[in-house]
Amino acid sequence: MTGRGRGSDGGEGAIVGVSERSLFATPPAIPLPPPLVAAPATQPLQTDLPSPAPSSVVRGIVRVRRQIGLISMPRLHHGVAEAAELELDRGVAFLLVPVCLAVGVVGYFSLASEPDFAQPIAVVMLATAFAFVSRSWPKTHLCFMAVLLCALGLLAAKVETWRAGTRMLGSEISTQLTGRVVSLEGMETGRVRMTIDVISTARPKLRYAPERVRLSARRIPPEMTAGSLITGYAKLLPPTGPVRPDSYDFSFESYFAGIGGSGFFLGNPTVVSADDGEMPLSSRLFSSIENAREAIADHIRGSIGGAEGEIAAALIVGVRAGIPNEINEAMRRTGIYHIISISGLHMALVAGTIMGLLRGTFALFPGLSARRPVKKYAAAAALFSIAAYLVISGVVVAAERSFIMLAVMLFAVLFDRAALTMRNLAISAIAVILVSPHEVVGPSFQMSFAATAALIGAYAGLADHRAGKTRPPPPKRTLPGLLTRKFLLATGGLAMTSIIAGSATALFAIWHFQRVSPLSLFANLAVMPIVSVVMFLAVASAVLMPFGLDWPALYLMGKGLTAMIAVSAWISERSPIDGVGLISQQSVLLVTVALVIATMATTWLRLAALPFALAGLLTVSHTRPPDVLISEDARLVALPIGNGELAVNRERPNQFATDNWKRALVSETIVKPEMFDKTDRQFDIASPTDLPQGSPFYCREGLCLARHPSGAIIAYVEDRKNTWKACAFADLIVVNDVTAYDACHNPLVLVVTKRQLARKGSAAVFFDPRSATTPAAIEFAVDGPYRPWHEQRKFSREARGLPPYKRPNSKPAQ
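Residues numbered from 1 in each chain as written. Predicted model: local features only at pLDDT ≥ 70, side-chain atom pairs only at ≥ 80, totals over all residues. Heavy atoms only, no water.

**Some remarks on the pattern of salt bridges**
Step number 1: Evaluation of the coordinates by the stated rule reveals 16 salt bridges.
Step number 2: Note that Arg 301 is salt-bridged to Asp 298, the shortest N-O span being 2.8 Å. Within this pair, Arg 301 and its partner Asp 298 are both found in helix α7 (residues 281-304), separated by 3 residues, close to a single helical turn.
Step number 3: Since its relative accessible area comes to 18%, Arg 301 is described here as buried.
Step number 4: Note that Asp 416 and Lys 376 form a salt bridge whose closest N and O atoms lie 3.1 Å from each other. (Salt bridge = Lys/Arg side-chain N within 4 Å of Asp/Glu carboxyl O. Helix = DSSP H or I, 4+ residues; strand = E, 2+ residues; numbered from the N terminus. Buried < 20%, exposed > 50% of the residue type's maximum accessible area, 1.4 Å probe, protein only.)

**Re the sheet that holds strand β17 (residues 713-717)**
Step number 1: With respect to topology, 6 strands assemble into an open sheet ordered β14-β15-β16-β17-β18-β19, the strand pairing being mixed. The strands lining the two open edges of the sheet, one partner per strand, are β14 (674-676) and β19 (750-753). Between one strand axis and the next, the sheet turns through 20 degrees on average, direction left out of account.
Step number 2: Relative to strand β15 (residues 695-700), β14 is paired through 3 bridges, and the arrangement is parallel. Bridging from a neighbouring strand, Phe 676 pairs with Arg 700 of β15. (Pairing = 2+ DSSP bridges. Axes fitted to C-alpha atoms, helices over the stretch in contact; angles between N-to-C directions.)

**Focus on the state of the cysteines**
Step number 1: Under the definition given, this model contains 2 disulfides.
Step number 2: Residue pairing for Cys 699: its cysteine sulfur links by disulfide to Cys 704, the two sulfurs lying 2.0 Å apart. Across the S-S bond of Cys 699 and Cys 704 the torsion is about 115 degrees, and the bridge reads as right-handed. Each member of the pair, Cys 699 as well as Cys 704, is classed as buried.
Step number 3: Shown here is the disulfide that connects Cys 727 with Cys 744, its sulfur atoms set 2.0 Å apart. Classification of the bridge connecting Cys 727 and Cys 744 rests on its S-S torsion, roughly -80 degrees, and on that basis the disulfide is left-handed. Highlighted residues: Cys 727 in the loop between β17 and β18 (732-735) and Cys 744 in the loop between β18 and β19, separated in sequence by 17 residues. (Disulfide = S-S within 2.5 Å.)

**Side note on the nonpolar core**
Step number 1: In this structure, Ile 311, Ile 386 and Met 557 are the most contacted members of the largest nonpolar core, which totals 56 residues.
Step number 2: Ranked by residue count, the leading element in this core is helix α17 (residues 520-544), at 9 residues.
Step number 3: Apart from residues no more than four positions distant in its own chain, Ile 386 is found in contact with Met 347, Val 350, Ala 351, Phe 403, Leu 406, Ala 407 and Leu 410.
Step number 4: With 31 residues, the next largest nonpolar core counts Cys 100, Val 105, Phe 449 and Trp 789 among its residues. (Core = buried A, V, L, I, M, F, W, Y, C linked by side-chain atoms within 4.5 Å. Contact = heavy atoms within 4.5 Å.)

**So, helix α19 (residues 585-600)**
Step number 1: The first and last C-alpha atoms of α19 sit 23 Å apart over 16 residues, in line with the 22 Å expected at 1.5 Å per residue.
Step number 2: Within the span of α19, buried status applies to Ser 587, Val 588, Val 591, Ala 594, Leu 595, Thr 599 and Met 600. (Expected span 1.5 Å × (residues − 1).)

**Some details on the sheet that holds strand β21 (residues 777-780)**
Step number 1: Pairing in this open sheet of 6 strands is mixed, and the strands run β13-β12-β11-β10-β20-β21 from one edge to the other. Because the sheet does not close on itself, it has two edges, and the strands there are β13 (669-671) and β21. Ignoring strand direction, the axes of neighbouring strands in this sheet form an average angle of 25 degrees.
Step number 2: The sheet contacts of helix α21 (residues 655-664) involve β10 (628-630), β11 (637-642), β12 (645-648) and β13, and relative to β12 the element is tilted by about 140 degrees.

**Comments concerning the pairing of strand β4 (residues 192-202)**
Step number 1: Pairing geometry for strand β3 (residues 173-186) and β4, over 10 bridges, is antiparallel. Within β4, the position partnered with Arg 180 by the bridge is Asp 197.
Step number 2: Of the pairings in the sheet, the one linking β4 to strand β5 (residues 212-217) comprises 6 bridges and is antiparallel in character. Within β5, the position partnered with Arg 193 by the bridge is Ser 216.

**What to know about the side chain of Asp 627**
Step number 1: Mapped onto the fold, Asp 627 is located in the loop between α20 (609-618) and β10.
Step number 2: Side-chain polar atoms of Asp 627 contact the side chain of Arg 624, separated by 2.8 Å.
Step number 3: Those residues in contact with Asp 627, other than ones at most four positions away along the chain, are Ala 638, Leu 639, Pro 640, His 708, Val 765, Phe 766 and Phe 767. (Polar contact = N/O pair within 3.5 Å; in protein donor to acceptor, adjacent residues only side chain to side chain.)

**A short note on the side chain of Ser 575**
Step number 1: Inspection of the secondary structure puts Ser 575 in the loop between α18 (551-573) and α19.
Step number 2: You can call Ser 575 buried: its relative accessible area is 7%.
Step number 3: Setting aside its immediate chain neighbours within four residues, Ser 575 contacts Arg 333, Pro 518 and Leu 519.

**Remarks on unusual backbone geometry**
Step number 1: Residues Arg 203 and Pro 204 are joined by a peptide bond in cis, for which omega reads -5 degrees.
Step number 2: The topology assignment puts Pro 204 in the loop between β4 and β5.
Step number 3: Within the chain, Gln 514 stands out as a residue other than glycine whose phi angle is a positive 55 degrees.
Step number 4: Although it is not a glycine, His 745 sits at a positive phi angle of roughly 55 degrees.
Step number 5: Take His 745: it is sitting in the loop between β18 and β19.

If you want it as structure tokens, here you go:
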């Protein structure tokens, strides 16, 4: 808020900034006059005797003693107490409510085993009792309230896990599947991805069939839509675990999304019935929305065409599967991929466009604007528009979270409150945590709220800095000068916003994706003006689409997206780095604590964030990358061999796994194995110790050998009968056989079998370069007791030591 100054210093028209936080400021202490004490008669007055001038050394000692006195412990304790009391008066306790809830949620998902309901309920009841009893002691009461909120967060996560209860497929199998289509999505490869509610299975009939699966097909009948009853012979696969320890867990995400399995149709599915009359009302409504989304997406693709049409469909209705991979990768490298995913940026642009258009329209009628709260009318229309945008975009989690955040802010406008405040952000975070606690441990929640909190805190701090300062009125400028100043201010604001948001989310992005975009600032500066225009055109096309007048807006939208693609591709080609490797978990936790303190504190206590941030930055590299990575199906083994090269044991490795491993191990090139047949004498299995350090895989007769730069020898065996061949010289043996066992019986040789990996997930192996007599250490992705999203692992045939199921004389049904 600003107002005219009344002092003579600023002159008439001077502007003084006022901060809301100043309403809670502690009044300055008025210094008391020194006491009047008469000097003793026997002592001469100070003016009677000349005092010698103090030397510079003495003055320095006195100055140091005064500084020490100012920062003495009693004074520091008193200052901390006053600042903490002021923080509580300003409402920091409420801001810490979502933080405590999130701590409880993270604690639940970090547990080694699944707790019973009685345990979190007992903790909640005990914390409630202590908080009630300690009401007379404010500090103790606050501590117990924090414990209670953490316990409530843990209980909320437990309730969500119990409520999800997704039935997960335990093993790979082919079966005749009949189900109802929930959604359809065209992919870049030309295949169609479908989410299907399973009704029945046959040949064989699954006793523990999943309730919902996600399958792809080469072609589908033209009459197939959401709500159609279909059948087909499909290969079902269980949800996969992390591709390496501490990486993204697909089974965790599938469990809370209700997806019990994935796979593909072996033939083309057929439509049994297109009638949705047997469906419940909610399912029919959802199918109608899905069909409307697909119709709008087809219309947009037909009007714009190409990759631009796919991106436009993603921005308007949230259909992203058809975007080419090279464009996705270019946007990830340049740090602008957030533009594709419907999130807070898109919601804010839609709401801002609607509010701006309506308020501009109301301004044409001064009488109405003076009598009516037109700002509230515009906020209500914006709220309705983002609700419609949420529905038409598919109600994905990121859009749902962004809608909650923006809805809280628009409701604040409706009730004459400040829209963009930390309190509204806290309310949004509380709502998201209570509705979907599992989102707290995901990158989308962490990066979204970290960026928003950093922006609000930074601009609030800037407002505090300007508060109370008298500024002269701006001088009169010519039109070119005014436009230049507006342009520079907008560019500077956009740059500052990108720097603040990028700094707040950098470590989270590195932790989850092992990649960083050094040119993201320039990419966002170049692209965001285009995106703003594109989203305005998207809103205009959505409004004009029912009348058939949307073609000019879609045409201009396509041209804007062409420019955006060109900019991202140009910057991506010049991006110096991408993968940055692994960082330590404690560094992320320390930086998170620093971010919470810096964004929520409003007094000098925010300086307490500095040691946490410094400690987080100093511990970034306190993690050791693995020497060998093994996939959970035991088919793929990789090890870094130096010079940015990653050696693998297969000629056609899984691309997703290798891309993740390349970023984690900071490798740029995949080195495929060199294959030898039985008659080739260039590779002799009998002398593997002659392999130089850093050798890639050499394969012959079902045995592959490689040598790590540390000197350790890695052997990969397809059949357990060949395991003995490598026992004499290998440090690590990976056996791709479910019936295998440790045939070496040597504590210095680490044998990893397919059955172990099926039960415990992918593995990371660490060698000790200092001692050849120390066995290799191994870390599994799913070690320890199973949580609900991993329970299905113990039922797989591989985990039970059984070969894959083969049905005799099976023929795919067409």
